[in-house]
Amino acid sequence: MNDDFEDSLRDALRRATQAAPDEPTRSEGARAYAASVRRRRTGVLAVGAAAVVVAAITIVPTVLDRSDGRGDPVAGRPQTQTPQQPVELPDQPFECPSGDGPPKPMATPRDGTIAPGAALVRVCAAQDSPVPWAPPLDALTTDVDKIVSTVNGLPVARDKMACTEEAGPAYLMVFQYSDGGTVQVRGDVYGCQLVSFGALEREGAGKALEAYFDVLTEQRSQQGPPPAPSLPTLSCPGSTAMNAVTLIPQDLSHLTVEKASVCSYDGSGQSLSQGVLSPAEVDELSADLQAHSTGGVVDVPCPALQNQTLLVRSDYGDVVSLQKYCELFLVAEQVWTPTEATLGMLRAALR
Amino acid sequence: MDFDDFVAARGAVLWRSAWLLTGDRHRAEDLVQTALGKAWPHWARVSTSGSFEAYVRKTMFTTYVAWYRRRWKAEVPTEHLPEQSGHDDAEQVAYQRDIAAALAQLPRGQRAVVVLRYFEDLTEAQTAEVLGCSVGTVKSQTSRALAALRSSPALANPDKDER
């Protein structure tokens, strides 16, 4: 197809970009970016084998010392300057406790600082989270010290703070070292946004979680999704109050859906019915989501609210909860406008 | 030509595409520097074959498509569109804002396809190669993007702002 509109589009794009700013530090900025990535990813490898030996001698005792969470951290040392050695994963990588099991007791960093050198970090939903949410299934094993630096860099909570009293999700961020030792902090993504290190508290639970998701996104772009059959199925919660909120950033127009369930609730929020979509239906749903999702919010009133939720699991295992709003589905400032065929498919799944 | 020469010669060209992708000059600069930073370690290997610009372009577009909404969730045209060198009249700024707004309505994949096809003048096959997808996907994304852009006031009536 080559029509007048395409020609005018070409002209319009050229005309809109007539002038580009002169940026004399562009190549310096690019080098700085490359250097920071190299520093984070390969650390001491870049400085040669001799340095590796020296670093191993100095870093390993630190890791061991921190394995119980009580050792003396790197107070006063600029953490971003510490090269992150490729860290060996523990024999038994930490997994989030299941919803029913008792929480596993873990050390909290006594002085409010996480030691560098962790092999992995994982976020879990706190079992007493005021609002349920579904954490990522994958652990972060790259750039872990970036998260350590972010958390350690959060300001210590002020003595007198006025906090809102809304409920929100809470998480545990668990750092695990090569020897299997763990330390955890707790973050409340509501109120004063406190991150608790035992007795000490810092401000910025949302910021720490956002940093985690940013690095996780980068890790995913390098590693790709896990095998689809390994992903757990989805079932609808018994009430809307138990519906997990979506915290992991998602772009619906690029979301690959592996599993999906549609849930309907009565006026009081109790479960009425649910339907699980077949693999073929999931493929259809996935294509429709990618094709007909946009960013934005809906400011049109919906006179006949339907208490319906579509739960989807992405190829990375994330759970995304989309709320039905008339003929649309909404999540996190994104709107999906399904086709009639997809709406019919969802209706049929509920019967 | 070394890396600095390349950036000096081609940086503005990359920036223009980045601005069309992001609709914001600071994010455009961020995107260009990120792409250059990712590509720079491969300069010695790729530049000898004369394809470094294509390498950076591919890096830039795939970085843009992969970047999460959270990071750029305020992906809207701003009041501060590309700086003009001496002739930043209000009409041009308004025109740029209209184009940015028209592009902003597209999902990221469609926007990338539009910029590659209609600004970079790549073929469907070349566009597919840059984005790492099939030609069929490029065709369908192009079709959807054009349908959306046709209803955009700035593009539906391209002569509106002609001076």
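In what follows, the accompanying structure is described. No experiment lies behind these values; they were computed from the predicted model shown.

**Quick notes on the sheet that holds strand β9 (residues 308-314) of chain A**
All names here are of chain A. Overall, antiparallel pairing links the seven strands, which are arranged β7-β6-β9-β10-β11-β12-β8 in an open sheet. Since the sheet does not close on itself, it has two edges, and those belong to β7 (271-276) and β8 (293-295), each with one partner. Mean inter-strand twist for the sheet, computed between neighbouring axes without regard to direction, equals 25°. Note: strand β6 (residues 257-265) against β9, seven bridges, orientation antiparallel. By the bridge assignment for β9, V262 is matched with L310. Those strands touched by helix α6 (residues 279-291) are β6, β7, β8, β9, β10 (319-325) and β12 (334-336), and its axis lies near 90° from that of β6.

**With respect to the sheet that holds strand β4 (residues 194-197) of chain A**
Residues and elements named next belong to chain A. In space, the five strands of this open sheet follow the order β1-β2-β3-β4-β5, with antiparallel pairing throughout. If you trace the sheet from one side to the other, it starts and ends with β1 (120-125) and β5 (200-203), each paired once. Between one strand and the next, the sheet's axes are offset by a mean angle of 25°, whatever the strand orientation. In terms of strand pairing, β1 meets strand β2 (residues 170-176) through six bridges, oriented antiparallel. Each residue of the ladder has a partner; that of C124, found in β2, is L172. Along the sheet, helix α4 (residues 144-152) contacts β1, β2, β4 and β5; its crossing angle with β2, the most-contacted strand, is approximately 125°. Each of β1, β2, β3 (182-188), β4 and β5 is contacted by helix α5 (residues 205-223), which is oriented at about 55° to β2, the strand it contacts most.

**Describing the pattern of salt bridges**
Scanning the model with the defined rule gives 15 salt bridges over all chains in all. Notably, a salt bridge pairs R122(A) with E95(A), separated by 3.5 Å at the nearest N-O pair. One end of the pair, R122(A), is in strand β1; the other, E95(A), is in the loop between α3 (49-66) and β1, with 27 residues separating them in the sequence. E53(B) is the partner of R10(B) in a salt bridge, and the nearest nitrogen-oxygen pair spans 2.8 Å. Separated by 43 residues along the polypeptide, R10(B) in helix α1 (residues 3-22) and E53(B) in helix α4 (residues 52-66) bring together distant segments of the chain. A residue is classified by how much of its surface remains accessible, and R10(B), at 29% relative accessible area, is partly exposed.

**Things to note about the state of the cysteines**
Residue and element names in this part refer to chain A. Enumeration over the complete set of coordinates arrives at two disulfides over all chains. Two residues, C236 and C263, share a disulfide whose sulfurs are 2.0 Å apart. Taking the torsion about the sulfur-sulfur bond, which here is approximately -80°, the covalent link between C236 and C263 counts as left-handed. In this pair, C236 is assigned in the loop between α5 and β6 and C263 in strand β6, connecting sequence segments 27 residues apart. Of the residues examined, C263 reaches a relative accessible area of 1% and is grouped as buried.

**A look at the packing of helix α6 (residues 108-119) of chain B against helix α8 (residues 135-150) of chain B**
Residues and elements named next belong to chain B. Between α6 and α8, the shortest axis-to-axis distance is 9 Å and the interhelical angle comes to 95°. Judged by the angle between their axes, α6 and α8 are roughly perpendicular. Two secondary-structure elements touch here, α6 through G109, Q110, V113, V114, R117 and Y118 and α8 through V138, Q141, T142, R144, A145, L146 and L149. Among the residues making up the contact of α6 with α8, the classes are represented as seven nonpolar, four polar and two charged.

**Observations concerning the packing of aromatic side chains**
All chains considered together, the criterion is met by nine aromatic pairs over all chains. For the ring pair Y212(A) and F213(A), a centre distance of 6.1 Å and an interplane angle of 75° mean the geometry is edge-to-face. One exposure class covers both Y212(A) and F213(A), and it is buried. Aromatic side chains F3(B) and W43(B) sit 5.9 Å apart centroid to centroid with 80° between the ring planes, which places their arrangement in the edge-to-face category. On the criterion of sequence distance, the pair formed by F3(B) in helix α1 and W43(B) in helix α3 (residues 43-47) is long-range, its members being 40 residues apart. A residue is classified by how much of its surface remains accessible, and F3(B), at 2% relative accessible area, is buried. The exposure class of W43(B) is buried, given its relative accessible area of 16%. By the ring-pair criterion, three or more aromatic residues cluster together here, those being F3(B), F6(B), W40(B), W43(B), F52(B) and Y55(B). One Lys or Arg, R15(A), reaches over the ring of Y95(B) and ends 3.7 Å from the middle of that ring. If you follow R108(B) out to its NZ or CZ, it ends over the ring of Y64(B), 5.5 Å from the centre.

Cut-offs used in this document
- Residues numbered from 1 in each chain as written.
- Chains lettered and ligands numbered in written order.
- Predicted model: local features only at pLDDT ≥ 70, side-chain atom pairs only at ≥ 80, totals over all residues.
- Heavy atoms only, no water.
- Pairing = 2+ DSSP bridges.
- Helix = DSSP H or I, 4+ residues; strand = E, 2+ residues; numbered from the N terminus.
- Axes fitted to C-alpha atoms, helices over the stretch in contact; angles between N-to-C directions.
- Contact = heavy atoms within 4.5 Å.
- Salt bridge = Lys/Arg side-chain N within 4 Å of Asp/Glu carboxyl O.
- Buried < 20%, exposed > 50% of the residue type's maximum accessible area, 1.4 Å probe, protein only.
- Disulfide = S-S within 2.5 Å.
- Parallel < 35°, antiparallel > 145°, perpendicular 65-115°, else oblique.
- Nonpolar A, V, L, I, M, F, W, Y, C, P; charged D, E, K, R; others polar.
- Phe/Tyr/Trp six-rings, centres within 6.5 Å; stacked < 30°, edge-to-face > 60°.
- Lys NZ or Arg CZ within 6 Å of the ring centre and 35° of its normal.

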